[in-house]
Amino acid sequence: MISFLICLAILIGGYFTYGKVVDSTFGPDDRETPAVRINDGIDYVVMPQWKLFLVQLLNIAGLGPIFGALSGALWGPVVFLWITFGTIFAGSVHDYFSGMLSERNEGASISEITGIYLGNGMKNVMRVFSVVLLVMVGTVFAVGPAGLLQLLFTNAGMTNILTNKMFWLIIILIYYFIATFISVDKVIGKVYPVFGICLIIMAVGVAVGVFTNSDYVIPEIWSHFTNMHPSQTPIWSFMFITVACGAISGFHATQSPLMARCMKSERQGHMVFYGAMVSEGIIALIWAAAGCAIYEGAELLAMGAGGPTAVYDICSKTMGSIGLVLAMLGVIACPITSGDTAFRSARLTLADWLKVEQKSYMGRLKLCIPVLGVGAFLGIGNALGKIDYNVIWRYFSWSNQTLAMIVLWAASMYLFQQKKNYWITAVPATFMSAVSSTYFLLGEECLGQFLNKHELVDGVRKLVGYNTVIAYPVGIIFAAAMLFLFIRATKKQPARI
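Residues numbered from 1 in each chain as written. Predicted model: local features only at pLDDT ≥ 70, side-chain atom pairs only at ≥ 80, totals over all residues. Heavy atoms only, no water.

Undergrad: Sorry, what's going on with the overall build of the protein chain here?
TA: Scanning the protein chain from terminus to terminus reveals 20 helices and 2 strands. Along the longest, intermediate and shortest principal axes, the C-alpha atoms of the protein chain span 60 × 50 × 45 Å. Looking at the protein chain as a whole, 61% of its 497 residues qualify as buried. Sequence separation of 24 or more characterises 82% of the internal contacts of the protein chain that already satisfy a separation of 6 or more. Carbon together with sulfur atoms contributes 68% to the accessible area of the protein chain, which is approximately 18600 Å² in total. (Helix = DSSP H or I, 4+ residues; strand = E, 2+ residues; numbered from the N terminus. Buried < 20%, exposed > 50% of the residue type's maximum accessible area, 1.4 Å probe, protein only. Contact = heavy atoms within 4.5 Å. Areas by Shrake-Rupley, 256 points an atom, 1.4 Å probe, with all protein chains shown as cover.)

Laid out in structure tokens, this is it:
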């Protein structure tokens, strides 16, 4: 428990210390913001700071800091270190710059921001990458809550339509269409703060439940500083990809522009962007600690690690029947409130890309229908057992971290151009370059299916070993090459203010 409390204190302290360093490096001022200057009543709407913070937190939270953190618990308390330092030095920095650079560029989507600082070629790559990622996120965050709702009513002893996953999936997709289509302050601005409070109370409830039960002991990092994963899946880079939203997530870069379009002052950025990510890190730390304290690794793996069953079980064990309702509301609302803004971000990214105006109903319908249509196809395919949820999640996880890598390099170029300390983004960008490239070589859904060692067991091809001998050096070389290319690029162009 001591190591958990130390990590918690570091996270909180990081907001007031390193967060201030990042904020002062960017240098917010009193210029007129897009929310004030444009204010179209649809996507550009001024909202108060407390509401911006809660909406941003729910936008970025999703299933990541819960499902991802519980999956990360399979490696043992070493995951606390990644959540803590990844949040402070990578995730929060990433979220801050993705939001503030959007604010400085008329609230542009992250693909357009990347193009401004890394060139048109990367802009086109990011356009495709962002839309694909957002649709996958929206699908994952529709299927996940539908499964949780099905489990909740099934465990309550019901046998009616409320225990049908397809029913809940259709209800969620209908809500997603409404939230994607109408003004940002009509549903998102009004409902999210309520769910945000539920999410925070739920995390506190789980923490208190673990601390007050003598049967649950959070293991210390120093006495369990080893790979505790039941199948010995490598820590590098699987843990860094799996936890994702609890430490750093490229998906957040697609969400930050939504609030960048609603800020009254640039000085709100520290709390809204850096602060929301630190809060998410705290939530992830609590869930990872609960996973480590309540289960043995094999038991957690058998329950599906970060799946609905484990979440339901933890809520029940830590808070009982009364707290369970509130907790499940938070866990269900959390992904839903990221799924709707994922589809909304996809609409806005396509609008920036294709130059489709979004003030009229018809302009929004032109993009809402195809975006939600693809999401519905993938989600219904999963509900019918035709598409594997875990496969969608794995592709999401890798593309998520790769997007974060690209955004950090774009922020580094911006800081160079402004004659500011670009190392605060270049170092995490280099680190994430190593993470993403290494996983691409090891992940079974990527090149790992060709490079890893497999054997036929009862006629079925199964993974028996990871080819780290190739993947680790190549990952390091790729990261070093990215840093070299960045430094060379800074030599070829003058800095500007």
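That covers the picture; the talk isn't over yet.
Undergrad: What is the right way to read the packing of aromatic side chains from this model?
TA: Working definition: an aromatic ring pair is given by the centre-to-centre distance plus the angle between the planes. For the coordinates displayed, the defined rule picks out 30 aromatic pairs. Pairing W82 with F240 gives two aromatic rings, centres 4.7 Å apart and planes at 65°, and the pair type is edge-to-face. Of this pair, W82 sits in helix α6 (residues 79-104) while F240 sits in helix α11 (residues 235-243), and the two are 158 residues apart along the sequence. Judged by its relative accessible area of 6%, W82 is buried. One Lys or Arg, K420, reaches over the ring of F26 and ends 5.9 Å from the middle of that ring. (Phe/Tyr/Trp six-rings, centres within 6.5 Å; stacked < 30°, edge-to-face > 60°. Lys NZ or Arg CZ within 6 Å of the ring centre and 35° of its normal.)

Undergrad: Hey, could you run me through the pairing of strand β2 (residues 460-465) in this one?
TA: Here strand β1 (residues 453-457) pairs with β2 via 5 bridges, running antiparallel. Directly across from K453, in β2, lies its bridge partner G465. Following β1, the chain reverses through 2 residues before pairing antiparallel with β2; D458 in that reversal takes a positive phi of roughly 55°. (Pairing = 2+ DSSP bridges.)

Undergrad: Could you clarify how one ought to interpret the nonpolar core in this entry?
TA: One broad rule of soluble globular proteins: the nonpolar side chains tend to lie buried together. In this structure, F80, F97, Y176, M259, Y274 and W287 are the most contacted members of the largest nonpolar core, which totals 150 residues. Element by element, the count of residues in this core is highest for helix α13 (residues 269-294), at 17 residues. Setting aside its immediate chain neighbours within four residues, Y274 contacts G14, Y15, Y18, G19, V22, I88, S92, V93, Y96 and G269. (Core = buried A, V, L, I, M, F, W, Y, C linked by side-chain atoms within 4.5 Å.)

Undergrad: Would you explain helix α2 (residues 18-26) in this entry?
TA: Residue pairs spaced three or four apart in an α-helix point in one direction, given the helix's 3.6 residues per turn. Listing the buried residues of α2 in full gives Y18, G19, V22, D23, T25 and F26. One side of α2 carries all its buried residues, which in axial view fall inside an arc of 160°. One or two steps after α2, the chain reaches G27, where phi turns positive at roughly 80°. (Arc of directions from axis to C-beta.)

Undergrad: Is there a simple way to think about the packing of α11 against helix α18 (residues 423-442) in this case?
TA: The description of two packed helices rests on the angle between their axes and on the distance between the axes. Relative to each other, α11 and α18 sit at 105°, their axes nearing to 9 Å. Taken together, α11 and α18 sit at an angle that is classed as roughly perpendicular. Across the interface between the two elements, W236, S237, F238, F240 and I241 of α11 pack against F431, A434, V435, T438, Y439 and L442 of α18. Of the residues assigned to the contact of α11 with α18, the class counts are 9 nonpolar, 2 polar and no charged. (Axes fitted to C-alpha atoms, helices over the stretch in contact; angles between N-to-C directions. Parallel < 35°, antiparallel > 145°, perpendicular 65-115°, else oblique. Nonpolar A, V, L, I, M, F, W, Y, C, P; charged D, E, K, R; others polar.)

Undergrad: Looking at this structure, how should I read α6?
TA: Relative to the 38 Å expected for 26 residues at 1.5 Å per residue, α6 spans 35 Å between its end C-alpha atoms, a close match to the ideal helical length. At T87, α6 shows its largest kink, close to 60°. The buried count for α6 comes to 23 of 26 residues, which makes it a mostly enclosed element. (Expected span 1.5 Å × (residues − 1). Bend = angle between axes of the 7 residues up to and from the residue.)

Undergrad: I would appreciate a short explanation of unusual backbone geometry in the present structure.
TA: Glycine aside, the phi torsion of most residues is negative, and most peptide linkages are trans. Geometrically, the link from W236 to S237 is a cis peptide bond, its omega value of 0° lying close to zero. Inspection of the secondary structure puts S237 in helix α11. At A244, a residue that is not glycine, the phi angle is positive and equals roughly 45°. Checked against the element boundaries, A244 lands in the loop between α11 and α12 (251-260). The backbone phi angle of D458 is positive, close to 55°, even though this residue is not glycine.

Undergrad: I'm lost on a nonpolar patch on the surface in this one. Help?
TA: On the surface, a cluster of nonpolar side chains totalling about 580 Å² of accessible area is made up of I2, I6, I10, F85, F89 and W222. Of all the secondary-structure elements, those providing two or more residues to the nonpolar patch are α1 (2-16) and α6. If one sorts the elements of the nonpolar patch by residue count, α1 sits on top with 3 residues. Positionally, W222 belongs in the loop between α10 (188-211) and α11. Note on W222: relative accessible area 54%, which makes it exposed. (Patch = residues over 30% accessible without salt bridge, like charges linked within 9 Å, V, L, I, M, F, W, Y side chains within 5 Å. Salt bridge = Lys/Arg side-chain N within 4 Å of Asp/Glu carboxyl O.)

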